[in-house]
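Now for the letters of each chain:
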Amino acid sequence: MINFNRFVIDYNNMNERIDKFVALRFPDVSRTHIQKLIAEEYILVNNGTVKSNYKLNLGDEITVQIPKAIEPEIQAEDIPLDVLFEDDDIIVINKPKQMVVHPARGHYTGTLVNALLYHCKDNLSGINGIMRPGIVHRIDMDTTGVLVVAKNDYAHNKLAEQLKVHSISRIYEAIVHNVIYEDEGTVDAKIGRHPNNRLKMEANVNDGKDAITHYKVLERFRNYTYIECMLETGRTHQIRVHMSSIGYPLLGDTIYGPSKSPFHLTGQTLHARLLGFVHPRTGQYMEFSAPRPEYFTHLLEILPK
């Protein structure tokens, strides 16, 4: 077992639902999973069982046990990879749209990790465990473009150090709703988990992590703008959250933008065009770029001016 905790309810938490109370204290565990743990008697009130909608009383004692997740064995799959560079330490990939980077609930096959296990055999770093071998950073399922993977722990640590101090160059291209009239700008707003929707992130969260995105207009259309974004930090959904927070959600992003996507798009129009870093072994600075995917180029040709 992990995360064995005991809480005693004071005046601040009276009448709060038990599942909500626990979810707020374990942000990495979904509320649905917490409700399952309550039903399975891993979460008790006064050493007794309750239902998920139980309202807390003053002095209630809550005990929480969260079993350690059992990671499924991830299988190697012969999935073609667009390899931009490879040596004994790293492999640089141009990731296609709709490919998940590492396995997660609902996506245990068809991921980049499944493909890497086949391509690299046993030559991947093990720092992130069997679910994320070699994965130093990731991009969203519907984001395309450049990604670097570590083939050993030495390379992984060296790349992680660069990510930590924000020395890796990352430039993205995106199409956003509405017209941006200034030629360039910066969004400096902390990003944290959305309080009511665990699948979303939110800008301007007091206890969020620092996040900075610089953007530059490349071309304006009638109701859209084609932009370039440079990241100083690498928070989850950073560009999507930041641009939406200032009124320019990404085209196709139904989570942070309009619920219906025009042009029959699948997911956000976002492409990781350039990635630059110091090679972990040689110390040489390297840059890799990936061409825009065909759907993205087609959009730029058909958007009304």
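To be clear, the structure that these remarks concern was listed above.
A.B. asks: Looking at this model, I keep getting lost on helix H4 (residues 153–164). Mind explaining?
C.D. replies: Residues spaced three or four apart along an α-helix face the same direction, because each turn holds 3.6 residues. In this model, H4 (twelve residues) spans 16 Å end to end at C-alpha, consistent with the 16 Å of a helix rising 1.5 Å per residue. Within the span of H4, buried status applies to Ala 155, His 156, Leu 159, Gln 162 and Leu 163. Down the axis, H4 shows its buried residues gathered within 125° of arc, on one side only. Contacts made by the buried residues of H4 are with strand E5 (90–95), strand E6 (144–150), strand E7 (169–177) and strand E13 (270–278).

A.B. asks: Help me understand the environment of Arg 132 in this model?
C.D. replies: Residue placement: Arg 132 occurs in the loop between helix H3 (112–120) and E6. On a C-alpha basis, the gap between Arg 132 and Asn 178 in space is 37 Å, while along the polypeptide they are 46 residues apart. For Arg 132, the side chain forms a polar contact with the side chain of His 102, separated by 3.4 Å.

A.B. asks: Before we go on, may I ask you to explain the nonpolar core in this structure?
C.D. replies: Soluble, globular proteins show a tendency: their nonpolar side chains are buried together. Counting 39 residues, the largest nonpolar core has Leu 116, Tyr 172, Ile 180, Ile 227, Ile 239 and Met 243 as its most contacted members. Ranked by residue count, the leading element in this core is H3, at five residues. Other than its neighbours up to four places away in sequence, Ile 227 contacts Tyr 172, Glu 173, Ala 174, Val 176, Ile 180, Tyr 215, Lys 216, Val 217, Leu 218 and Met 243. If you look at the next biggest cluster of nonpolar residues, it comprises 18 residues, including Ile 18, Val 29, Ile 62 and Ile 66.

A.B. asks: Is there a simple way to think about the side chain of His 194 in this case?
C.D. replies: Position of His 194 relative to the elements: it lies in the loop between strand E9 (191–193) and strand E10 (201–203). Judged by its relative accessible area of 18%, His 194 falls in the buried class. With residues up to four places along the chain from it excluded, the contact list for His 194 reads Lys 200, Met 201 and Glu 202.

A.B. asks: Would you mind going over the pairing of E13 with me for this structure?
C.D. replies: Taken residue by residue, a regular strand's side chains alternate between the two faces of the sheet. With seven of its nine residues buried, E13 lies for the most part within the structure. Pairing of E7 with E13, which is carried by six bridges, proceeds in the antiparallel orientation. Across the sheet, the residue bridging to Glu 173 is His 271, located in E13. The sheet contact formed by E13 and strand E14 (residues 285–289) spans five bridges and is antiparallel. For Val 278, the partnering residue across the bridge sits in E14 and is Tyr 285. In textbook terms, the turn of a hairpin is the stretch between consecutive antiparallel strands, and for E13 and E14 this stretch comprises six residues, one of which, Gly 283, has a positive phi near 80°.

A.B. asks: Teacher, can you tell me more about the packing of aromatic side chains here?
C.D. replies: One pair of aromatic rings is described through two measures. These are the centre distance and the angle between the planes. The full count for this structure, using the stated rule, is seven aromatic pairs. Ring geometry for Phe 7 versus Phe 26: centroids 6.4 Å apart, planes at 85°, classification edge-to-face. On the criterion of sequence distance, the pair formed by Phe 7 in strand E1 (residues 2–8) and Phe 26 in the loop between helix H1 (18–25) and helix H2 (31–39) is long-range, its members being 19 residues apart. Through a chain of ring-to-ring contacts, three or more aromatic side chains come together here, namely Phe 7, Phe 21 and Phe 26. Seen from the ring of Phe 21, Arg 25 lies directly overhead, with NZ or CZ sitting 3.6 Å from the centre.

A.B. asks: Looking at this model, I keep getting lost on H2. Mind explaining?
C.D. replies: Regarding H2, the residues found buried are Ile 34, Leu 37 and Ile 38. The buried residues of H2 occupy an angular sector of 100° when the element is viewed end-on, so they sit on one face. Across from the buried face of H2, at angles greater than 90 degrees, the exposed residues are Thr 32 and Ala 39. Buried-residue contacts for H2 involve H1, strand E2 (43–45) and strand E3 (61–66). Positive phi shows up at Glu 41, right after H2, with a value of about 70°.

Reading the values: the criteria
Residues numbered from 1 in each chain as written. Predicted model: local features only at pLDDT ≥ 70, side-chain atom pairs only at ≥ 80, totals over all residues. Heavy atoms only, no water. Helix = DSSP H or I, 4+ residues; strand = E, 2+ residues; numbered from the N terminus. Expected span 1.5 Å × (residues − 1). Buried < 20%, exposed > 50% of the residue type's maximum accessible area, 1.4 Å probe, protein only. Arc of directions from axis to C-beta. Contact = heavy atoms within 4.5 Å. Polar contact = N/O pair within 3.5 Å; in protein donor to acceptor, adjacent residues only side chain to side chain. Core = buried A, V, L, I, M, F, W, Y, C linked by side-chain atoms within 4.5 Å. Pairing = 2+ DSSP bridges. Phe/Tyr/Trp six-rings, centres within 6.5 Å; stacked < 30°, edge-to-face > 60°. Lys NZ or Arg CZ within 6 Å of the ring centre and 35° of its normal.

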